[in-house]
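# Residue-level structure breakdown
Chain residues, written in single-letter form:
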Amino acid sequence: MALKCGIVGLPNVGKSTLFNCLSSAKAQAANFPFCTIEPNVGVITVPDERLTKLAELVHPGRIVPATCEIVDIAGLVKGASKGEGLGNKFLGNIRETDAIIHVLRCFDDDNVVREGGAAVDPVSDKEIIDTELQLKDLETIESQMAKTLKAAAAGNKDEKVKATVLTAYKEVLEQGKNARTVSFETKEEQKVAHDLFLLTSKPVLYVCNVDEASAKDGNDYSRKIEEIAKSEGAEVLVIAAKTEEDIASLETYEDKMMFLEELGLEESGVNRLIKKAYALLNLETFITAGEMEVKAWTYRKGWKAPQCAGVIHTDFEKGFIRAEVIKYDDYIKYGSEAAVKEAGKMGIEGKEYVVQDGDIMHFRFNV
């Protein structure tokens, strides 16, 4: 299951610098709008220390971590929803992603211009992006509204459901709110809502790009965004993108850890960002461990054993018999699968078992 996040923001807020930290693909970082014309795409690994610790016990041929795809989308500008700049193209790129990483400038630097030469104002920047995405969503809703209402009035049950969804979205968007603030109770409504692929319905992570001195505790700019995000129920991450770029350039793990220690950080902002992006979509990891490989598999939180088996191969789900489950902490404690079995700590689970993050799984099936 691939995770695809789009990095968005106004020009010169640090999107491409952040992308360069995240991916080995190097985006052009320049002090002018539209230096990123085509979306840069990078596939990066999801940090998971559990895989390394398991590998020390299992001695596999390889370690295969979970991955996520990061798309660096060119800077939006005011009027993008009406085609300003390269707006329509950029908004189309966002539509293809599963979640949005919204980068906001929370640092002062006279050498990095803000559009129009205005003072640094992350709250205003956020509102500009939100408005452009909301206007595009409103356009999507209104293009379907008349036809849907007409069919609903004629008695079409499916169109009645769609009309309910469109109306609810239209009301909040016209109030300047995001589509993600609307929730639907029935599965039919939820499916219609999902199939609209609205930009502001996607989960969002606000990334406050701060200066090095503010990397640990943030600053007045980032605290304003944290307050707004709290009211939205959204996640926030404070990160010093330029500093992260310096950390990424260091060759040894020891040097990187020393740099982080000097900043008062236990983990790089890049690692924290990837983990937050992974969790943003309600994704978790189960693990398979053997002599060939220790591998992380991505699944949706709440999935049952057969669904997770299907992540490995559809035949595993079709012919599912049972799952042999070892809790990660038990595997580390006892040191091997055999020792876990001997201690009676291996669970034999059926079709109704809800898989937990970090479960080490072995599926039995028959096709």
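Description of the structure in this document.

### Concerning the packing of aromatic side chains
For the structure on display, the rule yields six aromatic pairs. Aromatic side chains Tyr169 and Phe184 sit 5.3 Å apart centroid to centroid with 85 degrees between the ring planes, which places their arrangement in the edge-to-face category. Taken together, the residues Tyr169 in helix H5 (residues 157–174) and Phe184 in the loop between H5 and helix H6 (187–195) connect sequence positions 15 residues apart. Like Tyr169, the residue Phe184 is buried in the burial classification. The cationic tip of Arg105 hangs over the ring face of Phe107; the distance from NZ or CZ to the ring centre is 4.6 Å.

### Here we look at the nonpolar core
Core analysis: the largest hydrophobic core is formed by 68 residues, its most contacted members being Leu18, Leu22, Ile70, Ile101, Val207 and Leu273. Of all the elements, helix H10 (residues 269–280) adds the most residues to this core, at six residues. In this view, Val207 contacts Leu18, Ile101, His102, Val103, Leu104, Leu237, Ile239 and Leu273; residues no more than four positions away in its chain are not counted. Counting residues in hydrophobic clusters, the runner-up holds 15 residues, among them Leu138, Tyr169, Phe184 and Ala193.

### A few points about the packing of helix H1 (residues 15–22) against H10
Two numbers describe how H1 lies on H10: the axes approach to 10 Å, and their chain directions differ by 90 degrees. Comparing the axis directions of H1 and H10 gives the class roughly perpendicular. Contact residues: Leu18, Cys21 and Leu22 in H1; Val270, Leu273 and Ile274 in H10. The class makeup of the residues in the contact of H1 with H10 is six nonpolar, no polar and no charged.

### Considering helix H4 (residues 122–153)
Here H4 is 32 residues long and its end C-alpha atoms lie 45 Å apart, about the 46 Å a rise of 1.5 Å per residue gives. Downstream of H4 by one or two residues, Gly155 has phi in the positive range, about 105 degrees.

### Some thoughts on the pattern of salt bridges
Summed over all chains, the structure comprises 20 salt bridges. The residue Arg50 makes a salt bridge to Asp357 at a minimum N-O spacing of 3.1 Å. Placement of the pair is Arg50 in helix H2 (residues 49–58) and Asp357 in the loop between strand E11 (347–349) and strand E12 (360–365), with a sequence separation of 307 residues. Taking relative accessible area as the criterion, Arg50 reaches 18% and is therefore assigned buried. Judged by its relative accessible area of 40%, Asp357 falls in the partly exposed class. As a salt-bridge pair, Glu245 and Lys242 come within 3.7 Å of each other at their nearest N and O atoms. Within this pair, Glu245 and its partner Lys242 are both found in helix H8 (residues 241–249), separated by three residues, close to a single helical turn. A relative accessible area of 23% places Glu245 in the partly exposed class. When its relative accessible area of 52% is taken as the criterion, Lys242 is described as exposed.

### So, the sheet that holds strand E2 (residues 40–45)
Taken in spatial order, the six strands line up as E2-E4-E1-E5-E6-E7 in an open sheet, and their pairing is mixed. Each of the sheet's edge strands pairs with one partner strand only, and the pair in question is E2 and strand E7 (235–239). Between one strand and the next, the sheet's axes are offset by a mean angle of 25 degrees, whatever the strand orientation. Here E2 pairs with strand E4 (residues 67–72) via six bridges, running antiparallel. Across the sheet, the residue bridging to Ile44 is Cys68, located in E4. Each of strand E5 (99–105) and strand E6 (204–209) touches H4; the most contacted strand, E5, lies at about 145 degrees to it. Sitting on the sheet, H10 is in contact with strand E1 (3–8), E2, E4, E5, E6 and E7, with an inclination near 165 degrees to E7.

### Comments concerning a negative patch on the surface
On the surface, a cluster of negative charge is contributed by Asp108, Asp110, Asp211, Glu212, Glu261 and Glu262. Turning to its location among the elements, Glu212 is positioned in the loop between E6 and helix H7 (220–232). With a relative accessible area of 40%, Glu212 lands in the partly exposed category.

Calculation notes
- Residues numbered from 1 in each chain as written.
- Predicted model: local features only at pLDDT ≥ 70, side-chain atom pairs only at ≥ 80, totals over all residues.
- Heavy atoms only, no water.
- Phe/Tyr/Trp six-rings, centres within 6.5 Å; stacked < 30°, edge-to-face > 60°.
- Helix = DSSP H or I, 4+ residues; strand = E, 2+ residues; numbered from the N terminus.
- Buried < 20%, exposed > 50% of the residue type's maximum accessible area, 1.4 Å probe, protein only.
- Lys NZ or Arg CZ within 6 Å of the ring centre and 35° of its normal.
- Core = buried A, V, L, I, M, F, W, Y, C linked by side-chain atoms within 4.5 Å.
- Contact = heavy atoms within 4.5 Å.
- Axes fitted to C-alpha atoms, helices over the stretch in contact; angles between N-to-C directions.
- Parallel < 35°, antiparallel > 145°, perpendicular 65-115°, else oblique.
- Nonpolar A, V, L, I, M, F, W, Y, C, P; charged D, E, K, R; others polar.
- Expected span 1.5 Å × (residues − 1).
- Salt bridge = Lys/Arg side-chain N within 4 Å of Asp/Glu carboxyl O.
- Pairing = 2+ DSSP bridges.
- Patch = residues over 30% accessible without salt bridge, like charges linked within 9 Å, V, L, I, M, F, W, Y side chains within 5 Å.
- Areas by Shrake-Rupley, 256 points an atom, 1.4 Å probe, with all protein chains shown as cover.
- Lys, Arg positive; Asp, Glu negative; His and termini not counted.
- Charge placed at Lys NZ, Arg CZ, Asp CG, Glu CD.

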